[in-house]
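Here is what each chain is made of, one letter per residue.
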Amino acid sequence: MSHEYHRRGKNWFTAMGVLFIIMALIVLVRNLLFWGPEFVLDFFLSPEITNEKISIGMLVFGGFMIAMGFRKKYE
């Protein structure tokens, strides 16, 4: 019985997804430490485009990139 190990190799999508998530978390934690939770919540709920809303978008995009990295390649 032959056992083959299929190595996935370097995965660009997963690496970029993790990078986006880490960057977004740094911004959110920094703003929580500087402004406090009540101000950050106000920034989330305001009609303007703020760092917190962009950070949520970065978290979603990072999750999407990680999901793309785990999809199977059909060669």
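Throughout, a residue's number is its position along its own chain's written sequence, starting from 1. Local features in a predicted model are, by the rule used here, given only for residues with pLDDT of at least 70; side-chain atom pairs are given and counted only at 80 or more, and totals for whole chains, interfaces and linings are based on all residues. With hydrogens and water set aside, each side-chain value is computed from the structure's full complement of heavy atoms.

**What to know about helix 3 (residues 51-69)**
Piece 1. With 19 residues, helix 3 extends 26 Å from end C-alpha to end C-alpha; this agrees with the ideal 27 Å at 1.5 Å per step.
Piece 2. Relative accessible area decides the class of each residue, using a 1.4 Å probe on protein chains only: under 20% of the type maximum gives buried, over 50% gives exposed, and in between gives partly exposed. Secondary structure elements follow DSSP: runs of H or I of four or more residues count as helices, runs of E of two or more count as strands, with numbering from the N terminus. Within helix 3 the residues assigned to the buried category are E52, S55, M58, G62, M65 and G69. Projected down its long axis, helix 3 shows its buried positions confined to an angular sector of 130°, all on one face.
Piece 3. Close packing links the buried residues of helix 3 with helix 1 (12-35) and helix 2 (37-45). The span one expects for a helix is its residue count, reduced by one, times 1.5 Å. The directions considered for the arc are those from the helix axis to the C-beta atoms. Here a residue-residue contact requires only that any non-hydrogen atoms of the pair lie within 4.5 Å.

**With respect to the packing of aromatic side chains**
In this description, a pair of aromatic rings is defined by centroid distance and the angle of the planes.
Piece 1. Aromatic contacts are taken between Phe, Tyr and Trp rings whose centres are within 6.5 Å, Trp giving its six-membered ring; a plane angle under 30 degrees counts as stacked, one over 60 as edge-to-face, and the others as tilted. This model, assessed by the stated rule, comprises 4 aromatic pairs.
Piece 2. Taking 5.3 Å as the distance between ring centres and 80° as the angle between the ring planes, the aromatic pair formed by W12 and F13 counts as edge-to-face.
Piece 3. Overall, W12 belongs to the exposed group, its relative accessible area being 56%.
Piece 4. Between F20 and F61 the ring centres are 5.0 Å apart and the planes differ by 70°, which places this aromatic pair in the edge-to-face class. Taken together, the residues span a long stretch of sequence, with F20 in helix 1 and F61 in helix 3 at a distance of 41 residues.
Piece 5. The class for F20 is partly exposed, based on a relative accessible area of 25%.
Piece 6. Of the residues examined, F61 reaches a relative accessible area of 36% and is grouped as partly exposed.
Piece 7. Taken together, the ring pairs connect W35, F39 and F43 into an aromatic cluster.

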